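Single-letter residue listing:
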Amino acid sequence: MSVTNRFDDTLEPVGIAVGVLLVLVGLATVAGMPWTTKATVAAAAVQVVGALGTAAVGAGLVWLARHD
C-alpha cells in the first residue's frame, strides 16, 4: 500500500471523521454529567443511554469505514 493509494474508497475519510465526531459527542455528553441537571432520574438515564448509543454508532461507523 503506497501513500497515493491510502484510501481506496473516497468516502473512507468521511466515514472515519463522522464516526470519531459521534464518539466524541457521546463521550462529551456523558462527561457533562447530565444527571446533575435533569429533573428526574429517568430523563438522565435516557440521555446517558442515548449518548452511549451515539458513541457506539460512531465506533461502528469507524470500524465499518476501516473494514476491508
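The notes below deal with the structure included here. Here, residues in each chain are numbered from 1, in the same order as that chain's written sequence. Local features in this predicted model are restricted to residues of pLDDT 70 or higher, and side-chain atom pairs are both shown and tallied only at a pLDDT of 80 or more, whereas totals for entire chains, interfaces and linings draw on every residue. Side-chain measures were taken over the full set of non-hydrogen atoms in the model, leaving aside hydrogen atoms and water.

With that out of the way, let us pick up helix 1 (residues 12-31). Along an α-helix, a turn takes 3.6 residues, which lines up residues three or four apart on a common side. The terminal C-alpha atoms of helix 1 lie 28 Å apart, and with 20 residues this matches the ideal 28 Å at 1.5 Å per residue to within 8%. A 1.4 Å probe rolled over the protein chains alone gives each residue an accessible area, and that area as a share of the maximum for its type sets the label: buried under 20%, exposed over 50%, partly exposed in between. Strands are runs of DSSP state E lasting at least two residues, helices are runs of H or I lasting at least four, and both sets are numbered from the N terminus onward. Every buried residue belonging to helix 1 is among E12, G15, G19 and G26, and all of these are buried. Mapping the buried residues of helix 1 onto a view down its axis gives an arc of 65°, with all of them on the same face. Relative to its buried face, helix 1 has exposed residues pointing more than 90 degrees away, namely L24 and A31. After helix 1 finishes, the residue M33 shows a positive phi value of roughly 50°. Here a helix's expected span is defined as the number of its residues, less one, multiplied by 1.5 Å. Relevant arc is that of directions from the helix axis to the C-beta atoms, nothing else.

Next up on the list: helix 2 (residues 41-66). Taking 1.5 Å of rise per residue, the 26 residues of helix 2 would be expected to cover 38 Å, and the 37 Å separating its terminal C-alpha atoms lies within 8% of that figure. Within the span of helix 2, buried status applies to A44, V48, A51, A55, G58 and A65. Contacts are residue-level and defined by heavy atoms, with any inter-residue pair within 4.5 Å sufficient. Where helix 2 is buried, its residues meet helix 1.

The next subject is the pattern of salt bridges. Salt-bridge detection follows one rule: a side-chain nitrogen of Lys or Arg within 4 Å of a carboxyl oxygen of Asp or Glu. Applying the stated criterion to the full structure yields one salt bridge. As a salt-bridge pair, E12 and R66 come within 2.9 Å of each other at their nearest N and O atoms. Residue E12 is located in helix 1, and its partner R66 is located in helix 2; the two are separated by 54 residues in the primary sequence.

Just distances and angles here, no functional claims.
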